[in-house]
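Listed below are the residues making up each chain.
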Amino acid sequence: MSVIDEIIDGEFQKQQFSIPAQRLKDKLLPIPSKASEMSRRWFWELLQNASDITNSVNIKLLIEEDFITFEHDGGPFRIIDALNLIAPDTGKDTKLDPNIPQIGKFGSGQVSTHVLSGILEVDGILLESDEYYKFSIKLDRTEYSNKDFLIDSIKTSKAGFNPKKLVETYSPQNFPTKFKYHLKSPIASIDPKTVVKDGLTTILDQLPFTMAFLPKVKSVTIENKSNFYSDFKNFKIQKSKEENNLITYTANIDSKPKDIKLLWMKEGEVETAVLIDNGDLAAYPNNSPKYFCGLPLIGTEEIGLPIPIHSYLFETTQERESIEISPSDTKNRELLKSANKLYKNLLQKCVELEFKNIFHVTKMQKKYLGAEGSKIHFKEVIIQLFKESLNQSKAIINRRGDRIIFSEFILPFRLGTNDLMFDVGKALRPSNTCPDQDYESWIPAIDADLFAVNRVGYDRLMAEVIKYSNLNSIILEEGTNPKNWLKMVISLILKVDDSHFKKYRVFPNKELELCFLENLNYSKDLPEKLVQIHDELTNSKLGKSILDKDFEEFHHLFPKSKEVDEIGLCNLIDNALQKKYSESQNNTSVIIGPLRAIFAWCDQARYTKEELKKRFEWFEKKRAILFLETFDDKERELALSISQSGKLEALAKLAESTLTGDQLMLLAENPSLFQSLLNGQAPKVDDQTYANEEIGNQGEELVFSDLMRKFPTGLGFQVIWASKLLGEARFDFEVKKGSETIAYIDAKTTGIREGINGSIPFFVRPAQWNFLKDSMSYGKYFISRVFLKPTLDVKYLKTNLITEINNQ
């Protein structure tokens, strides 16, 4: 070949590889600037390539210090697939199998995985004419911006592409397809180890959803042999159970198994899945995509949908970062309308399953990424459909345990006052609010812009509070103390703006009427009697202008001039008394009740004249005249009699004593009784009244009979009636056993049970008294008390008289 032929051939080859090299350069150039986004996509791009060529695939990922290897057991490559790795083209225009859903459409996914490394080794199996061939390719993209370098790299890779017929039996179980990235050969200044860590950050969260939407992915295994990644060493996830739309995956992390449950649902060509934990809804993982097209569309995390939506029919953007729903994207628009039907069905399913945590599937916003037409359609059409579906659902369990439709649900909320807002609102509207434990979860789950009706703010809440004029008329949640609730209302206003006390009537007076702060006075303690005097005198209720005593904790809100004490109340009474007395032309009868009450209160208060003057200046000046004017004719005569008696002071003290009026009247009608008390004399007690000879004889007979029963002759006793038989004056009876005297008994008989003031008198004669001192009676002398009325009764009292009392 001549020199010119060689040049022509070289230029032809250069031209032949120029277009794919340029295409490759165009796809590689954005990688450094989009490294952060692509760091979260590389695993899914590799999973996409694996799933696109098979109906069933298991994935393995090996992480080593200097390499990361992605392996799968999917179907073999076509020649065009292998060549497309060397020089990216649109080789995916034709499918391997029309029954296999293919996700990749633009041939750029594989190129984006070079965010891991500029050098990639691919090992795989080719299938051609029913024969299997083993191949290896090395791809070098380290000088990603140099077209000539990329041309040479493509040439080198193509020259090294020499498939060899497979000698052994083809076995996909051996994971024959491998993509090995050299972590020490990055593109630009990208740190491949950081890329690996970023890519694995959300992989565990997103794999269950991906496998639910892409069921041909049977398992994913990750083996970590590196030192730079430390979250786990071994991980594997696979489906373990599927029943009635409930799918269970078992994730084994470092030999610790964990079940992950999803509720999966489908409507037409769209699907969704939500997490289930402990038999109830769980939160969708943070930073997880809202759109899936087989695989998660990284970049759709912030879209304002309440649930993830999957469809194989989504027409994605070229970089698979979202879907557009502009006027020309009719297919995507229709799919999202179906997604709204799916959402409605999901909410109904949650109600049927009695899920409580429905706030996990209600967070939606007017937020979309993409072209302006897409944003407008999402805000004005799509999200409004989702909102209406939620509003019509019985998604809410209220405080009473009843389900209500979402449009009736209210969430009192104001930043910085959440707890107070909720405490005030829940007591006022228990049928429309959630249980305490759900409140904090509902706050981020209801967007203020979309659900302004549900998100009850401070002004709306206060407008409902002040509809009532009296605290007793407010119907609150059962068990709520109305006064404690109103204190929360006041505390809420204090937190927001205390100038609003001029706007809202929230302070109760003593009648529990709700008043403006400026229309009330404050008093810590006022004598109730003075309050009654004031109310009767003024024909008004002081309590209407005084803060209820249970709200004293807010007294600091009242200026000093608004504080009413006892002296201030007395001044009010004094002024009212003077005014009414003057208006009636000094007619005391119109104020007789309050006037007498004032006299009584002043007497009981026992203030000095100076202290009373501070309280009742006008009253004290006219006290004497007013006092006399309170008397009727009879009382004036009595007062004159008392004054003339010279006993005025003594009688006044007697009147102030604890003696009752009846007792004083008794004393007045029996002055001799008082005189006898002063003389130390008891009322006259005579034998005739309390005991005489006839009564005495009756008593002695009773005692004798009683003693004969107690000391029978048959037992050796002898009862001697000494006063009757022997004329003994010292005692009445002697009881002997043999020659020994065991008792002397003197009978004392009374005709009635009690004497004056409950006493029981009897008489002791000198002979009897002297005998008590005799040593022969010591320990043996008994007095027998005999009562003849109201019933016969005999009692014995043993006496032990000590004859001398020593002063010690």
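About the criteria used
- Residues numbered from 1 in each chain as written.
- Predicted model: local features only at pLDDT ≥ 70, side-chain atom pairs only at ≥ 80, totals over all residues.
- Heavy atoms only, no water.
- Helix = DSSP H or I, 4+ residues; strand = E, 2+ residues; numbered from the N terminus.
- Buried < 20%, exposed > 50% of the residue type's maximum accessible area, 1.4 Å probe, protein only.
- Contact = heavy atoms within 4.5 Å.
- Areas by Shrake-Rupley, 256 points an atom, 1.4 Å probe, with all protein chains shown as cover.
- Phe/Tyr/Trp six-rings, centres within 6.5 Å; stacked < 30°, edge-to-face > 60°.
- Lys NZ or Arg CZ within 6 Å of the ring centre and 35° of its normal.
- Salt bridge = Lys/Arg side-chain N within 4 Å of Asp/Glu carboxyl O.

## Details of the overall build of the chain
Next up, step 1: In terms of helices and strands, the chain carries 28 helices and 26 strands.
Next up, step 2: Burial analysis of the chain (808 residues in total) assigns 45% to the buried set.
Next up, step 3: The long-range fraction of contacts in the chain, counting pairs at least 24 apart against all pairs at least 6 apart in sequence, stands at 64%.
Next up, step 4: Of the roughly 42,100 Å² of accessible surface on the chain, 50% is carried by carbon and sulfur atoms.

## Considerations on the packing of aromatic side chains
Remark: the centre distance and the inter-plane angle together describe each pair of aromatic rings, the angle taken between the planes.
Next up, step 1: Under the definition given, this model contains 38 aromatic pairs.
Next up, step 2: Between F135 and F161, the ring centres sit 5.6 Å apart and the planes meet at 80°, which makes this aromatic pair edge-to-face. One end of the pair, F135, is in strand β4 (residues 131–140); the other, F161, is in the loop between α6 (147–159) and β5 (164–165), and 26 residues separate them in sequence. With respect to burial, F135 and F161 carry one shared label: buried.
Next up, step 3: Each ring, one from F599 and one from F619, has its centre 5.0 Å from the other, and the planes form 65°; the classification is edge-to-face. Of this pair, F599 sits in helix α17 (residues 592–605) while F619 sits in helix α19 (residues 617–621); the two residues are 20 residues apart in sequence, bridging distant segments of the chain.
Next up, step 4: On the basis of relative accessible area, F599 is assigned to the buried category, the value being 9%.
Next up, step 5: Members of the aromatic cluster, each reached through a chain of ring pairs, are F359, F406, F409, W442 and F451.
Next up, step 6: For the cation-ring pair, K387 lies above F451, with the distance from its terminal atom to the ring centre recorded as 5.8 Å.
Next up, step 7: Its end group placed over the ring of W721, K724 keeps NZ or CZ at 4.4 Å from the ring centre.

## With respect to the pattern of salt bridges
Next up, step 1: By the definition in use, this model includes 31 salt bridges.
Next up, step 2: Of the charged contacts, one joins R41 and E37 as a salt bridge, the two residues approaching to 3.2 Å between their closest N and O atoms.
Next up, step 3: On the basis of relative accessibility, which here comes to 6%, the residue R41 falls in the buried class.
Next up, step 4: Here K710 and D706 are joined by a salt bridge, their closest N and O atoms 2.7 Å apart. With a gap of four residues between them, K710 and D706 both fall in helix α26 (residues 693–710), about one helical turn apart.
Next up, step 5: On the basis of relative accessibility, which here comes to 10%, the residue D706 falls in the buried class.
Next up, step 6: Ionic contacts of the salt-bridge type, sharing partners, join the residues R399, D423, K426, D436 and E477 into one network.

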